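# Structural features, examined
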Amino acid sequence: MFHLRTCAAKLRPVTASQTVKTFSQNKPAAIRTFQQIRCYSAPVAAEPFLSGTSSNYVEEMYCAWLENPKSVHKSWDIFFRNTNAGAPPGTAYQSPLTLSRSSLASVAHAHSLMEAQPNVDKLVEDHLAVQSLIRAYQIRGHHVAQLDPLGILDADLDSSVPADIISSTDKLDLAVFKERLRMLTVGGFYGLDESDLDKVFHLPTTTFIGGQESALPLREIIRRLEMAYCQHIGVEFMFINDLEQCQWIRQKFETPGIMQFTNEEKRTLLARLVRSTRFEEFLQRKWSSEKRFGLEGCEVLIPALKTIIDKSSENGVDYVIMGMPHRGRLNVLANVIRKELEQIFCQFDSKLEAADEGSGDMKYHLGMYHRRINRVTDRNITLSLVANPSHLEAADPVVMGKTKAEQFYCGDTEGKKVMSILLHGDAAFAGQGIVYETFHLSDLPSYTTHGTVHVVVNNQIGFTTDPRMARSSPYPTDVARVVNAPIFHVNSDDPEAVMYVCKVAAEWRNTFHKDVVVDLVCYRRNGHNEMDEPMFTQPLMYKQIRKQKPVLQKYAELLVSQGVVNQPEYEEEISKYDKICEEAFTRSKDEKILHIKHWLDSPWPGFFTLDGQPRSMSCPSTGLEEDVLTHIGNVASSVPVEDFTIHGGLSRILKTRKELVTNRTVDWALAEYMAFGSLLKEGIHVRLSGQDVERGTFSHRHHVLHDQNVDKRTCIPMNHLWPNQAPYTVCNSSLSEYGVLGFELGFAMASPNALVLWEAQFGDFNNMAQCIIDQFICPGQAKWVRQNGIVLLLPHGMEGMGPEHSSARPERFLQMCNDDPDVLPDLQEENFDINQLYDCNWIVVNCSTPGNFFHVLRRQILLPFRKPLIIFTPKSLLRHPEARTNFDEMLPGTHFQRVIPEDGPAAQDPDKVKRLLFCTGKVYYDLTRERKSRGMDEQVAITRIEQLSPFPFDLLLKEAQKYPNAELAWCQEEHKNQGYYDYVKPRLRTTIDRAKPVWYAGRDPAAAPATGNKKTHLTELQRFLDTAFDLDAFKKFS
Ligand SMILES: Cc1ncc(C[n+]2csc(CCOP(=O)(O)OP(=O)(O)O)c2C)c(N)n1
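Structural notes, computed from the coordinates.

How each quantity is defined
- Along each chain, residues carry numbers from 1 onward, in the same order as the chain's sequence is written.
- Local features in a predicted model are, by the rule used here, given only for residues with pLDDT of at least 70; side-chain atom pairs are given and counted only at 80 or more, and totals for whole chains, interfaces and linings are based on all residues.
- To get the side-chain values, take all heavy atoms of the structure and skip hydrogens and water.
- A run of H or I in DSSP becomes a helix once it reaches four residues, and a run of E becomes a strand once it reaches two; helices and strands are each numbered from the N terminus.
- Using a 1.4 Å probe on the protein chains alone, a residue whose accessible area is under 20% of its type maximum counts as buried, one over 50% counts as exposed, and one in between counts as partly exposed.
- Should any heavy atoms of two residues lie within 4.5 Å, those residues are considered in contact.
- Note on definitions: salt bridges are taken to be side-chain nitrogens of Lys or Arg within 4 Å of carboxyl oxygens of Asp or Glu.
- Any two strands with at least two DSSP bridges between them are considered paired.
- Axes here mean lines fitted to C-alpha atoms, for a helix over just the part in contact, with angles spanning 0 to 180 degrees between N-to-C directions.
- Throughout this description, a polar contact denotes any pair of N or O atoms lying within 3.5 Å of each other; where both atoms belong to protein, one of them has to be capable of donating a hydrogen while the other can accept it, and for residues adjacent in sequence the pair is counted only when both atoms sit in side chains.
- Grouping buried Ala, Val, Leu, Ile, Met, Phe, Trp, Tyr and Cys residues that are joined through side-chain atoms within 4.5 Å yields what is termed a nonpolar core.
- Aromatic pairs are defined between Phe, Tyr and Trp rings, using the six-membered ring for Trp, whenever the two ring centres lie within 6.5 Å; interplanar angles under 30 degrees are classed as stacked, those over 60 as edge-to-face, and all others as tilted.
- Whether a charge sits over a ring depends on NZ of Lys or CZ of Arg being within 6 Å of the ring centre and within 35 degrees of the ring normal.
- The rule for a residue being near a molecule or strand is that one of its heavy atoms must lie within 4 Å of it.
- Method for areas: the Shrake-Rupley scheme with a 1.4 Å probe, in which residue coverage is limited to the protein chains shown.
- By the convention adopted, Pro, Cys, Tyr, Trp, Phe, Met, Ile, Leu, Val and Ala count as nonpolar, Lys, Arg, Asp and Glu as charged, and the other residues, Gly among them, as polar.

Helix and strand counts for the protein chain come out as 38 helices and 28 strands. With 1038 residues in all, the protein chain has 59% of them scored as buried. Here the contacts in the protein chain between residues at least 6 apart in sequence split such that 80% fall between residues at least 24 apart.

Applying the stated criterion across every chain yields a total of 51 salt bridges. Here Glu496 and Lys266 are joined by a salt bridge, their closest N and O atoms 4.0 Å apart. With a gap of 230 residues between them, Glu496 in helix H21 (residues 495-512) and Lys266 in helix H13 (residues 263-286) connect regions that are remote in the sequence. Under the relative-accessibility criterion, Glu496 is labelled buried at 13%. Across the salt bridge formed by Arg687 and Glu744, the nearest N and O atoms sit 2.7 Å from each other. Taken together, the positions of Arg687 in strand S14 (residues 685-690) and Glu744 in helix H28 (residues 738-750) put the pair 57 residues apart, joining distant regions of the chain. Like Arg687, the residue Glu744 is buried in the burial classification. Put simply, Glu213, Glu220, Arg223 and Arg224 are held in one network by salt bridges that share partners.

Now for the sheet that holds strand S25 (residues 940-945). Taking strand neighbours across the sheet as the criterion, the five strands line up as S23-S25-S24-S27-S28 in an open arrangement whose pairing is mixed. In this open sheet, the two strands that pair with only one neighbour each are strand S23 (899-900) and strand S28 (998-1003). Examined bridge by bridge, strand S24 (residues 915-919) and strand S27 (residues 967-975) share four bridges and lie parallel to one another. Paired with Leu917 across the strands is Ala969, a residue of S27. Contacts from helix H36 (residues 953-962) reach S23, S24 and S25 within the one sheet, and its direction differs from that of S24 by about 155°.

In this section: the pairing of strand S7 (residues 379-385). Counting buried residues along S7, five of its seven residues qualify, which places the element largely inside the surrounding structure. Bridge analysis of strand S4 (residues 319-323) against S7 gives four bridges, and the strand direction is parallel. Bridge pairing in S7 links Val320 to Leu383. Where strand S6 (residues 368-374) and S7 come together, seven bridges link them in antiparallel fashion. Paired with Ile373 across the bridge in S7 is Asn380. In sequence, S6 turns back onto S7 through a hairpin of four residues, with Asp378 there showing a positive phi of about 65°.

Turning to its location among the elements, Ala556 is positioned in helix H23 (residues 551-562). A relative accessible area of 2% means that Ala556 is categorised as buried. In the structure, Ala556 is positioned 11 residues away from Gln567 in sequence and 8.2 Å away in space, judged by C-alpha atoms. The contact partners of Ala556, leaving out residues within four places of it in the chain, are Leu270 and Tyr570.

Relative to the helices and strands, Asp193 resides in the loop between helix H10 (174-185) and strand S1 (200-202). Counting along the chain gives 67 residues from Asp193 to Asp126, while the straight-line C-alpha distance between them is 9.4 Å.

Residue placement: Thr990 occurs in helix H37 (residues 981-991). One polar contact links the side chain of Thr990 to the main-chain carbonyl oxygen of Pro821, over a distance of 2.5 Å. Setting aside its immediate chain neighbours within four residues, Thr990 contacts Pro821, Asp822, Val823, Leu824 and Phe953.

Attention now moves to the nonpolar core. Counting residues in each nonpolar core, the largest one holds 182 residues, and the members touching the most others are Leu301, Met322, Phe345, Ile421, Val455 and Leu792. Looking at this core, the element that brings in the most residues is H21, giving 11 residues. For Phe345, the contacting residues outside a window of four places in its chain are Phe279, Phe282, Leu283, Trp287, Cys581, Ala584, Phe585 and Ser588. If you look at the next biggest cluster of nonpolar residues, it comprises 79 residues, including Leu757, Phe854, Ile861 and Ala883.

Here we take up the packing of aromatic side chains. In the structure shown here, the tally under the stated rule is 37 aromatic pairs. When the centroid spacing of 5.8 Å and the interplanar angle of 40° are considered together, the rings of Trp287 and Phe345 count as tilted. Separated by 58 residues along the polypeptide, Trp287 in the loop between H13 and helix H14 (301-314) and Phe345 in helix H16 (residues 341-345) bring together distant segments of the chain. Over the ring of Trp722 we find Lys681; its NZ or CZ atom is 5.2 Å from the centre of that ring. Sitting over the ring of Tyr447, Arg687 keeps its end group 5.1 Å from the ring centre.

This part takes up the environment of Pro467. Structurally, Pro467 is set in helix H20 (residues 467-470). Looking at Pro467, the relative accessible area reads 5%, which means it is buried. Between the C-alpha atoms of Pro467 and Leu157, which are 310 residues apart in sequence, the distance is 7.9 Å.

Cis peptide bonds are those with omega within 30 degrees of zero, and the linkage from Ser949 to Pro950 qualifies with -5°. When you line up the elements, Pro950 lands in the loop between strand S26 (947-949) and H36. Although it is not a glycine, Arg338 sits at a positive phi angle of roughly 75°. Note that Arg338 resides in the loop between helix H15 (329-337) and H16. For Arg338, a relative accessible area of 21% puts it in the partly exposed group. For Asn484, which is not glycine, the phi torsion reads 60° and is therefore positive. Looking at where Asn484 falls in the secondary structure, it is placed in the loop between H20 and strand S10 (487-491).

So, about the site of the ligand. Neighbouring residues of the ligand: 15 residues in total, closest Arg327, Ser390, Asp426, Ala427 and Ala428. Note that an oxygen atom of the ligand is positioned 3.0 Å from one of the side-chain N or O atoms of His326. At a separation of 2.7 Å, an oxygen atom of the ligand approaches a polar side-chain atom of Asp426. Compared with its free state, where it exposes 580 Å², the ligand has 75% of that area covered by protein. In terms of residue count, the dominant contributor to the shell around the ligand is helix H18 (residues 426-431) (three residues). Here the residues of the shell around the ligand are counted per class, giving five nonpolar, eight polar and two charged.

Sheet architecture is open: seven strands sit in the order S17-S14-S18-S19-S21-S20-S26, paired in mixed fashion. Looking at the sheet topology across the chains shown, the edges are occupied by strand S17 (728-732) and S26. On average, adjacent strands in this sheet sit at an angle of 20° to one another, irrespective of strand direction. Alignment of strand S20 (residues 843-845) against S26, held across two bridges, turns out to be antiparallel. Bridge pairing in S26 places Val845 opposite Gln947.

Here it is in structure tokens:
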């Protein structure tokens, strides 16, 4: 306690009436803080007695010591001398003899000194208490902020007030306030008491409440903290582990008077609220019995989004990609994106005919793309709202992927031009795991969009479910804390507070390029939709809502009372917008046909003809010149940079590759290399993403080489192929299927001139992304007239690796194909194969040779339209000595083979063939091995179906006709209720006009896709091979 004494004079509180000089004014400029001085010799934190809270006090002493070394205690004098002389941490301080615990005499002496200076302890404690109090508001102030416009629920689901802060409601009532203060002080948290309220305390550097002042009376400190943290904005940020970012936020919310709006800004805000409110009212008047998921209760969303966009545009952003759920979507389309109102209104007309093919979608799911001038900044801005399914939050990663792609294609490496905004409902944001998966992409180098602004329409209800039953976290936004995103909760009935946080959110994104959340705490005036009765389940809440004045009315009254607008001006604004709606309504009646194409979120200018048709209906050869193949092969088997040491094992792999090239053959990895490399040459960007794709789960790919001697030094040979090639992106993803597949789908939306592939670690895991497959990939074009050429690589095959490393579930993909099993298409049609591809919803293939894999990848880009491509890829075939393709099958003129016919002895004398086995994929190699071992090469023909969907009726008919005396059988290694059988059988029967049965050779039906027992696996395999080659096997059935 000795060392406190000599600082007493400096620390003694000055009264409020005394002039308060700023601390910095007293200090020499070069020594702003003690820590700065110390940092070049010894970090302060290393001193055992220093902490964040005591450093201010020590700093003061240090300044005093600089002015006069005698003004501080001797021990501090020695300490500061030692420190300035560069003493290392922990050695500068020398304990004064009198402090020695062993000396009773010195203890007595200390006591006597303390009695002589009784205030010193208290002074220090009080300062520390004030610091703690400030910190308490910064950390916990949001818990007592007045966020709920209805005043019913606490936004954090907790009505208790933290013991170390005073709530705003307490403050309103002086008696309550005094009681709270008493609780807080007398015997309370920090040991302050009421008499301290008028004492002046120095403010720490971690607060900005002082503005120009460095010290304030406690009463004022509390008042300002309350103003900053406990009004209509609740700022959650103290979990962020970056001092600069915390300081930035503190400055934005603590600085006195920072939340100021000009009259012009207030009028703009009012006008935007008018539009938002009157739009919903207009729809309600015209279509009172239609679902529209109106925004009533959160009308402030429209000005909020516009503020974020204005501010971002001001900072240089010219493309904003948005994703949002149903609530308020039409309003956002009308008033944020500025879709023509008549186009929106005509959607309500039930007699409107669809002009486009496809099934279409509900009006509140459709996407939109619009380029216009931002009136506030006078800059061009493009706005795109991504179409989405009902599945809440599913569009999040899609929006991110599209944003990333747009940034990539315009060279926006820092996200300064293109940004994403995601809107969420409170229940969905808290409940859906995809939100978490998407957040985890936000800072990964190959996935970051450099900050997304998230806006939560927190109407404190999910359909009919109360938030207390819908989440276990205090706020619906807590998931954002995992990525250190600041969260700004705001009472939506205070439009200016909302605008302010939106402005700060946009500035945050622009400054730090990280995610940020705006939580609009609001209410829902109607039921879940306009037809729902909310009083069934939320009677008290809705009684309050009935009494609640709409925010527009409240804000208009406020501005009228402030003289910012007058009543006639306000009414004029309303009638002006109503008139706009009425006129658009009249025009909407002229719309007879609904063009879903007008609702495209991602147009591909130049790819189609002006009326949206493919430029041709043919596909050129997918083969390549031999020198191109050789060049790519050589790069794939070398290290194209100097002084780069690769792993010895990899050297061997590259050597084997080189031998393959020399022998004019490719294996699986090389075939993929050649497909990618050649597309890069043609200016096509290739992006391969998924778990461990860089090396390849099966260690076959090695697209990224790692220097064995230099940490993080890598090389991607694929980017060293040609001087002006397109870039190749290969990126290991986070361990997420839903998020990453959604992201890649979004990436593929941006441009048709890119091959975007997602690889599942094992195909089995694709069902973790089921929603993206079911809701976007399979029906995307039908619902939204939007093509997408994403490729799914799904390792598949029964290899005794257990139930979860075997099946990519081909049966599911095939079941979702839109071709008719019972109708034989017109096989004579010109370009039959291309037409089939054009009509299908996706392409499903299972290649049995590397060459065919090469061709199908190239065909994906050479086709004049885009379709998703599902490829069941092999595992054991990656290294199978027979799974090789000769260059001859990849040269110009060659192409993808939808069917690979039998070409062995059986094909030479087809009349002799007793059985024609159809199969797909890897089982072909088991079948040929077995056939050979049984000496049945002439009796059994084996035909491979490489493209399962669209079904190659034409080629299979030829095959079936070629072997007139053969029984037909389908052979698969999957269980009977799985795999391809249910898809193939009816189509084969249709192909042959049901002239013969199509028998089955394969595993029995089963619940699990594969056994976990290796022996059982082999027994099952042998059993179905026996069936396949037992020419009497089906006799008993015929
Ligand atoms: C993944 C998913 N599960 C369930 C639903 C059904 N559903 C539609 S709206 C809704 C409530 C959403 O509440 P919230 O996210 O708070 O948004 P709000 O409707 O309140 O704006 C639910 C459960 C859905 N659309 N998506």
